[in-house]
Amino acid sequence: MFSSLHVRTFLLWSVFSTIQLLAYAEPITKIHQPGYCALRGQCGKKSFFGSQLPCPDNGLAEEPSEKVRQKLVELCGDQFKEGLVCCEEDQINDLASNIKRAGAIISSCPACKANFFNLFCSFTCSPDQSLFINVTSTGLSTSKKEVVDELDYFVSDDYGSGFYDSCKDVKFSATNGYVMDFIGGGAKNYTAFLKFLGDKKPLGSPFQMNFPREVPGGIDKFDAKPKKCNDGDEAYRCACVDCPSVCAKLPDVKEAKSCMVGTSSCISVTVMIMYCISLAFLLGHLRYEWLKQNKREGQQLLTDPTRSDDEDDEDLFEGAGYHDKAPREYSLNTFLDRIFSKIGTTCAANPGKAIAASALVIWFMSTGWAKFSVETDPVRLWVAPTSEAAQEKAFFDEKFGPFYRANQAFLVNDINGGEVLDYETLSWWFDVEDRVRRLKSAQEGLSLEDVCFKPTGEGCVVQSLTGWFGSDFNMVDRDSWKNELRSCAAQPVQQKCLPEFQQPLKKELLLGGWQDSNDVTKAKAMIVTWVVNNYPEGSAELASAMDWEKSLKGLLLVVQKEAKKRGLRLSFSTEISLEQELNKSTNTDAKIVVISYIAMFLYASLALGSTSLALRTLLNTPSKALVESKFTLGALGILIVLMSVSASVGVFSAMGIKVTLIIAEVIPFLVLAVGVDNIFLIVHEFERTNYRYPDDSIEIRIGKALGRIGPSILLSATTETICFALGATVQMPAVRNFAIYAAGAVFINAVLQVTMFIAVLAVNEKRVGAGRMDCFPCVRIMNPEDCGPCEGDFRDLNRGGVAVRGYGAEEEGLLERWIRRTYAPWLLRLKTKVIVGILFLGSFAVGVRLLPEVKLGLDQRIALPSDSYLIDYFNDLYKYLGTGPPVYFVTKDYNATQVENQKHLCGRFGVCDPLSVANTLELERKRPNVSYIAEPAASWIDDFLLWLNPELDSCCGMNRWGQLCTPGDRGCSVCFEKRTPAWNITLAGMPEGDEFLKYLDLWTQAPTGEECPLAGKAGYSNALVWSREEVMVKASHFRTSHTKMASQNDFIAAYASARRIAKEMSAISGATIFPYSKFYIFFDQYSTIHRLTITLVVSALVAIWVVGSLLLGSICTGFCITLVVGMIVVDIMGIMALWGISLNAVSLVNLVICVGISVEFCSHIARAFMFPPSSPSLPSLSKKSKLLKLNYSAKDVRAWAALTGTGGSVFCGITLTKVIGVGVLAWTRSKIFEIYYFRMWAALVGVGGLHALVWLPVVLSVLGGGGERGWASGSGEAEGDGVEGDLRRRSRYPGGGGMYHTVRQEEEENSSDNDEGEEEAERGVLLERGESGIYHTVRQEGEEDSSDYD
């Protein structure tokens, strides 16, 4: 029985279902004729929380009641003023509630609003509804009534596309977005737009509405004429902000166009022309000198055809004309020589007093260390307080508060290369964010709620996809979370998607790597940002925020490990992270820098001790080596260099000039480069003086040495000090402070070296004279071969049976001998000059060509240690963040309470200025490749005035006490509802003056929500500052954002573009407008760095020319130094382009250093060229000198003498010292040190050394001034003294029979393999001035008595 009952029940149910299916199989909307409806009235809901659904009704349209018609006309317009309709009052009420919600968003564009209302008003109430609507599915409501479940709405292509076109560009200012993102799901065409409108969803259509393209027979399409955003009827015309076709045209931006000559750039062609001209000049000049020399030799052969080979050798350089004129004295040099001689003699005679006085002065200057402080704030480092960028930042911080502190994290699935989102990951991440909310700071126990940014006063700004789910994981359904995510990503303005702080969350800020699939659920990275309030520096509130950020950093480091276990990677940055990591990098660099300085210190001390010691001395008389070593002298010399740095720091710290990390790391390096070279020059010159004047006292010899080398030190120190002082005129603090400290250190160092170091040198020489051991002066070493007691400052030593006067036999070092005998003669040959000219002019041409290729910027990743966790963060930031940083265009002291001024700001009303601020920003947004603006600007003036529109009756409400209230509440009336004149788009009825400020205050208090998204509390409460007393808006801003930034060039270009836009808007509106973004302060330097670099370098070169010409007594020689220094700087900048070194404040400081050290490289050689010894001599290059006639000019002879006298000091004192110091920097772990210090200084050492030791002598021999003889040295040298006499003394010692022999000759005489010609070549051809005044070769076979040399 039981089974038969079930069978009968089943059969009855089957029959009933079949009948029902047959019934539903028939068309629901059977009649499709004019005057017939498809649906009408409301038949209930399908669920308790559902919306009312219409009833299917294919009956005739009916005449509405007067009340219904009035409501319908108010909502849908005059088209329903008469005639039949297919809707009832309850439908009209629901329609009004729904479309007015959208109307608040689209009301700024009348065409879009009209088309939107027309579409849904016709759908609901058109008397011909059945012609374009076909109900395809119905269901039962909770009251068992049949309701519409699905239908087809046939819309013509013309209306659909026209509707979409009228709305696609309408902006929603509050979120810097588009209306289409909210009402159309971000649709890109009209079919997608209509589909989004018709899809059944909780906060959308309560039933499925399809918009098929194909129309079945008997049905027509809804084909009303759509309104256009640029409609001929001004009542429907939209503003420029929402309709590009009505916009004015912005003037084209003048871009730097490439200058081309054919297929080559103008700069390439110019460089080639310059190179050819310079090379032609060099070759022409050398050709002229060669012809002139040959002509002179030909005349000599015609007048004396019987000249022998020996006579040729005797007058080998007579044709140079070097001896034709006696050198003149340069009065300034003579004066300086006397001054320095007096200083040297005085300090050497009173070494104790000189040292004590110097130490006392240095101690007094160093007391300023008590006020020593290091500037680490990047803002105060790179931007001058008086600069526009700094003043604008201060204004922004004062009016709107310091820019918030962003703490950001990226969760990335690049380990597996897959999607980052799944249910388990979301569960874990919700827990992470919950831990962050509960996190307490270490010192004060503050939570995120205590320090976070709250624009509405409620809810912390946390930009995370968890906000789409109410920050509650219970709202995440395992089966539907992806659909919910897609829904919120497409329409973040939905109430269910709004986070606690009630501002829509854009998908570009939350997810990255989804663009390829266009599906946010397949994103490769999740982005989370915790926004913390910022406060003035030094405030207790700022300390509290930083304390919480320290705790956040600790937590995220733990989360980083958790993510790794899940196969994910977490990168993050807190606001305090960058400064901490930069300091960490500095601490690492400090060790490398100290090691570098120690290496240079040891080298200089050891190398200085070998100035007068040859290998033979070390082997034959080691006791003498222990005495004549100068390690202690070198160490004290380096100590004096460091004392000058200490004094400079003390003086300028006392003046309140802060030290920067650049100063701490670079100044000692710079002063060591200059100071060590000067020490080498002083000691070398003193050694030469010892051999020239062995019978003079120590004081006299030191005075003579300083008299000769002092002006050279003055030349280099003066030019360097002036070059660095020029940098002090720069407003950029990092460069200015460096230049001040460098100028002071170089000047103080020069003063100490000609005073204190001279005193130390005198003490050291007395130690040597007393035979005391270096480093241990208490130990007296007596030479066992001493032939007699020490006599005064001298001692006679017996070596190999030959008496050698202590100071009469200088042993020439290998380097000096190689320069004198081989390198200098080879360099000054005609063919060598041609090759050198081709190479160096070519490198200069290449450097000029590469100058435009030098990039600007300083990537943060380079400034960080190589193992910093921030490197991954910046990589992810550039890769995954889909938008650029926010930018604000700030108006300053502009009276926006007046309608005329409002027209210069607004963009939503027809009377707004075509190039108003809002319109200009919109026009610039349309050319993002030029403007770098990505989003529509948030225009407070437009949203405020639209909020006052009484048609938006859910927005502005005010009670009788003038307080804000919710429209619809008792005693609350809609603003402007009965105002005369009424609110209108001509701004004629808008409030002004005090009334404007009263409503503005209400607007910024009005909560932003779904009912009224135009309310200003969330988006604009911090965007306005006004004064009731002055009746003025003191400050306001228009917020937008930049395009995605992926490189330093993007940031620099975006800043320059924002500056241009603000300048143009200011000129048009008459307002003071400036752009502000957090990163601008760091990129302000690049707006002037090209001009600044050119100004500094050119000014320094001019100073070098002027000072060099004055102290050298020759404009031509001063130009030679300037030319070579300029070529060094250009070549280094060319290397910067090739080696990836960008131009920024750090590299600019290094370029200034390059100028200073380049002067040090060149000045001593140039001065030795201008003040040569009284009778220089040149050896022949080949051993068979009789067969090879080398044509040297008088300038060649002087260039040889200069290179021989100072080349060794330049090479040992600067080049090798820097090679050792720079070499140590190669081991740094800091990328910034590797690029901006190691690479640039390595280039400086290589390029500077080559130019000074190779190119400068060639330039001097061609362009150098001073005539043929130069200036007399003014050092009191007797005739036959100077470098020539010095070289002769160091090359010979008195042998048996009164004959002088070269030291090398003794070795050669013991070898039978060398012939007479080879002996002469090895000895060198020495020129001696005889009674006739003619320079001739000195025979070493006993032709002349040794007394000829006395």
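Going along each chain's sequence as written, the residues are numbered from 1 onward. Only residues with pLDDT of at least 70 are given local features in this predicted model, and only at 80 or more are side-chain atom pairs given and counted; all residues enter the totals for whole chains, interfaces and linings. Side-chain metrics rest on all non-hydrogen atoms present in the structure, leaving aside hydrogens and water.

### Side note on the sheet that holds strand β7 (residues 208–210)
Note the cut-off: Note on pairing: two strands pair once DSSP finds at least 2 bridges between them. Per the convention used, a helix needs a DSSP run of H or I reaching at least four residues, while a strand needs a run of E reaching at least two, with both numbered from the N terminus. Only the stretch in contact is used when a helix axis is fitted, and all axes are lines through C-alpha atoms; the angle between N-to-C directions ranges over 0 to 180 degrees. In this analysis, two residues are considered to be in contact whenever any of their non-hydrogen atoms come within 4.5 Å of each other.
Reading across from one edge, β3-β4-β7 is the order of the three strands in this open sheet, with mixed pairing throughout. Looking at the sheet topology across the chains shown, the edges are occupied by β3 (133–140) and β7. Direction aside, the axes of adjacent strands within the sheet are offset by 25° on average. Note that strand β4 (residues 146–153) and β7 share three bridges and pair parallel. When the sheet's bridge partners are listed, D152 is paired in β7 with N210. In the packing of helix α4 (residues 110–125) onto the sheet, contacts are made with β3, β4 and β7, and the angle to β4 comes to roughly 130°.

### With respect to the pattern of salt bridges
The line we're drawing: Salt bridges are defined by distance alone: a side-chain nitrogen of Lys or Arg within 4 Å of a carboxyl oxygen of Asp or Glu.
Counted according to the given criterion, the structure contains 48 salt bridges. Put simply, D165 and K168 hold a salt bridge, and the shortest N to O gap is 3.7 Å. The residue E388 makes a salt bridge to R1059 at a minimum N-O spacing of 3.7 Å. Linking E388 in helix α14 (residues 388–400) with R1059 in helix α38 (residues 1048–1069), this pair joins segments that are 671 residues apart in sequence. Three or more residues are tied together by salt bridges with common partners; here these are K171, E922, R925 and K926.

### Comments concerning the state of the cysteines
We count it as follows: Cysteine sulfurs are considered disulfide-paired once they come within 2.5 Å of each other. Under the scheme applied here, a residue whose accessible area is under 20% of the maximum for its type counts as buried, over 50% as exposed, and between as partly exposed, the area being computed with a 1.4 Å probe on protein chains only.
Taken as a whole, this structure holds 14 disulfides when the rule is applied. Bridging C906 to C912, the disulfide has an S-S length of 1.9 Å. An S-S torsion of about -120° defines the bridge between C906 and C912 as left-handed. A residue is classified by how much of its surface remains accessible, and C912, at 7% relative accessible area, is buried. Two residues share a disulfide in this structure: C965 and C972, whose sulfurs sit 1.9 Å from each other. As the torsion about the S-S bond is roughly 85°, the C965-C972 disulfide counts as right-handed. Take C965 and C972: they sit in the same class, and that class is buried.

### Details of the side chain of S1057
What counts is decided by this rule: Polar contacts here mean pairs of N or O atoms no more than 3.5 Å apart (in protein, one a potential hydrogen donor and the other a potential acceptor; neighbouring residues in sequence count only if both atoms are side-chain atoms).
Within the secondary structure layout, S1057 lies in helix α38. Only 3.2 Å separates the side chain of S1057 from the backbone oxygen of V930, close enough to count as a polar contact. Among all residues touching S1057, those that are not within four sequence positions of it are V930, S931 and Y932.

### Let's talk about the environment of M526
Mapped onto the secondary structure, M526 falls in strand β15 (residues 525–532). Between the C-alpha atom of M526 and that of K507, which follows or precedes it by 19 residues, the distance is 9.9 Å. Not counting chain neighbours up to four residues away, the residues in contact with M526 comprise A409, F410, L411, V420, L421, W429, L465, L510 and L511.

### Section: the nonpolar core
Under the convention used in this document: Residues belong to a common nonpolar core when they are buried Ala, Val, Leu, Ile, Met, Phe, Trp, Tyr or Cys residues joined through side-chain atoms within 4.5 Å.
In this structure, L119, L151, Y153, F738, F889, W940 and W947 are the most contacted members of the largest nonpolar core, which totals 285 residues. Leave out the neighbours within four places in its chain, and L151 touches L39, F123, I133, N134, V135, T136, F207, Q208, M209 and N210.

### As for the pairing of strand β12 (residues 405–412)
For β12, the tally of buried residues reaches seven of eight residues, placing the bulk of the element in the interior. Two elements, β12 and β15, share eight bridges in a ladder whose sense is antiparallel. When the sheet's bridge partners are listed, A406 is paired in β15 with V531. By the bridge criterion, five bridges tie β12 to strand β16 (residues 569–573) in an arrangement that is antiparallel.

### Describing a nonpolar patch on the surface
Our working rule: Patch rule: a residue counts if its relative accessible area is over 30% and it has no salt bridge; like charges are joined within 9 Å, and nonpolar side chains (Val, Leu, Ile, Met, Phe, Trp, Tyr) within 5 Å. Every accessible area reported is derived by Shrake-Rupley at a probe size of 1.4 Å, with residue values counting cover from the shown protein chains alone.
A cluster of nonpolar side chains, V594, I598, L602 and L606, forms an exposed patch at the surface whose accessible area comes to about 360 Å². According to the relative accessible area criterion, I598 is partly exposed, its value standing at 46%.

### A look at the packing of aromatic side chains
Selection criterion: Pairing of aromatic side chains here covers Phe, Tyr and the six-membered ring of Trp, requires ring centres within 6.5 Å, and sorts the geometry by plane angle: under 30 degrees stacked, over 60 edge-to-face, intermediate tilted. Ring-over charges, as used throughout, are those where CZ of Arg or NZ of Lys falls within 6 Å of the ring centre and within 35 degrees of the ring normal.
Summed over all chains, the structure comprises 49 aromatic pairs. Ring centres 5.2 Å apart and planes at 80° place the aromatic pair Y1237 and W1241 in the edge-to-face group. Residue Y1237 and its partner W1241 are both found in helix α44 (residues 1231–1263); the two are separated by four residues, about one turn of the helix. In this structure Y1237 comes out as buried when scored by relative accessible area, which is 3%. A relative accessible area of 2% means that W1241 is categorised as buried. The cationic tip of K227 hangs over the ring face of Y236; the distance from NZ or CZ to the ring centre is 4.5 Å. Just above the ring of F395 sits the side chain of K892; from NZ or CZ to the centre is 5.0 Å.

### Some words on the side chain of N959
Its place among the elements puts N959 in the loop between β21 (957–958) and β22 (973–974). Reaching out from N959, the side chain makes a polar contact with the backbone nitrogen of Q963 at a distance of 2.9 Å. In contact with N959, not counting residues within four places along its chain, are C965 and G971.

### Points about the environment of L761
Position of L761 among the secondary structure elements: in helix α27 (residues 756–769). Of the residues examined, L761 reaches a relative accessible area of 2% and is grouped as buried. Note: C-alpha distance between L761 and I702 (59 residues apart in sequence) is 8.4 Å. Excluding its chain neighbours within four sequence positions, the residues that come into contact with L761 are L633, I682, F686 and I702.

Shape is all these values report; function is a separate question.
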